[in-house]
Amino acid sequence: SKKWVLLVTAQTPTNIAVIKYWGKRDESLILPINDSISVTLDPAHLCTTTTVSVSPSFDQDRMWLNGKEISLSGGRFQRCLKEIRARASDVEDEKKGIKITKKDWENLHLHISSYNNFPTAAGLASSAAGFACLVFSLAKLMNVKEDLGQLSAIARQGSGSACRSLYGGFVKWIMGKNDDGSDSIAVQLADEKHWDELVIVIAVVSSRQKETSSTSGMRETVETSMLIKHRAKEVVPKRIVEMEEAIKKRDFPSFARLACADSNQFHAVCMDTSPPIFYMNDTSHRIIGCVEKWNRAEESPQVAYTFDAGPNAVMIARNRKVAALLLQRLLFHFPPNADTDLNSYVIGDKSILQ
Ligand code: PMV
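Cut-offs used in this document
Residues numbered from 1 in each chain as written. Predicted model: local features only at pLDDT ≥ 70, side-chain atom pairs only at ≥ 80, totals over all residues. Heavy atoms only, no water. Domains from an automatic or database assignment. Contact = heavy atoms within 4.5 Å. Buried area = accessible area lost by both parts, 1.4 Å probe. Salt bridge = Lys/Arg side-chain N within 4 Å of Asp/Glu carboxyl O. Polar contact = N/O pair within 3.5 Å; in protein donor to acceptor, adjacent residues only side chain to side chain. Helix = DSSP H or I, 4+ residues; strand = E, 2+ residues; numbered from the N terminus. Nonpolar A, V, L, I, M, F, W, Y, C, P; charged D, E, K, R; others polar.

Colleague: For this particular structure, what's the right way to read the domain arrangement of the protein chain?
Modeller: Many analyses report the size of an interface as the accessible area lost when the parts associate. Under the domain assignment used here, the protein chain contains domain 1 (6–190) and domain 2 (199–347). Spacing between the C-alpha centres of domain 1 and domain 2 amounts to 26 Å. Taken together, the 29 residues of domain 1 in the interface contact 41 residues of domain 2. Taking both sides of the interface into account, the surface hidden between domain 1 and domain 2 amounts to around 2800 Å²; carbon and sulfur atoms contribute 71%. Among the residues of domain 1 in contact with domain 2, I19, K20 and W22 are the three that bury the most area, contributing 30% of the side total. Connecting domain 1 to domain 2 are three salt bridges. Across the pair K172 and E244 runs a salt bridge, and its minimum N-O distance is 2.8 Å. One can count nine residue pairs in polar contact (both at pLDDT 80 or more) joining domain 1 with domain 2. For the side of domain 1 that touches domain 2, the elements supplying multiple residues, two or more each, are β2 (15–19), β5 (36–40), β12 (170–173) and β13 (186–190). Considering each element in turn, the side of domain 1 that touches domain 2 owes the most residues, four residues, to β2. A class-by-class count of the residues in the side of domain 1 that touches domain 2 yields 17 nonpolar, six polar and six charged.

Colleague: Even after reading the chapter, I still don't get unusual backbone geometry, so can you show me in this structure?
Modeller: Across the chain, the bulk of peptide bonds are trans and the bulk of non-glycine residues have phi less than zero. The step from S274 to P275 runs through a cis peptide bond, and the omega angle for that step is -5°. Within the secondary structure, P275 is located in the loop between α6 (252–271) and α7 (282–297). Here the phi dihedral of I30 falls at roughly 55°; this positive angle occurs in a residue that is not glycine. Along the polypeptide, I30 turns up in the loop between β3 (24–26) and β4 (31–32). Here the phi dihedral of N143 falls at roughly 55°; this positive angle occurs in a residue that is not glycine. By the element assignment, N143 lies in the loop between α2 (126–141) and α3 (148–155).

Right, dumping it as structure tokens:
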């Protein structure tokens, strides 16, 4: 009969890099020029929920994002769908009397519905959570038997940073050496319980969409910046080792020093691009100033900051008490309705969760 529908729902949080990925050595497979390390957020705050369904009555693959239909014709969606379909295996639901063989998956069509629990336009890394969730839920629906590392290599082909969202806690994306990308995968460095005193505070500086996409920004940087060569070869490899050590030992001063320095070098590399790319604005710079001043006034750093391809500040407080102080200070320096465009805050309850 054509009446049945089989569905799977999954939820995936976004992740924030503390050692940044910027620059590809292969654009279609999305292979990076350096390793990166990120922290996966609490799904209660910034996450994607995706339901994938299959039915013999569907006559084409279709997708809805936040209730609005979007095109699936882009190369990145197509690549993820193709890779998952190629690994599909038999599925049987005796109660519903459904049997799908490996061969059937080639002709069955999918409906995909995805929601972000945060504004998609706010430039808060929505593609990372989105592609990770898409790949994970499709793999469950189609009974794909690969492990998370292999799924991360598929999510990577949707959006590079997405490969890191398949794990909670602290995650490393290993750049890999192979030309086919088979060893460019994510691994978990520590789970979400390892360092759960940390609290992540996000200051939404502007909810406008970024002007330069990460794809074209990275391309321009790799083509024109000298600094990026130095960064990828000499700076990041050392920082990766030091950051792994800092995470392992829960050494906040080292963690904060490395995360802030790496964010600043990423933005320096953007400025070293021709034409230069500016992701941060005046408010972002003022936030850096406040945090730096505070950290220098204390015996050791209390807060780390990091900025992605946009002006929003991600701050990591060493504990709950510091996070509460940070919010007070932000409100003092950036009162609502002042002439800055800092308009809201998101605070992580439990900073790191699956
Ligand atoms: O995965 P993309 O194409 O959205 O690129 C992400 C780039 C940064 O967010 C700036 C850094 C990172 O490692 O996530």
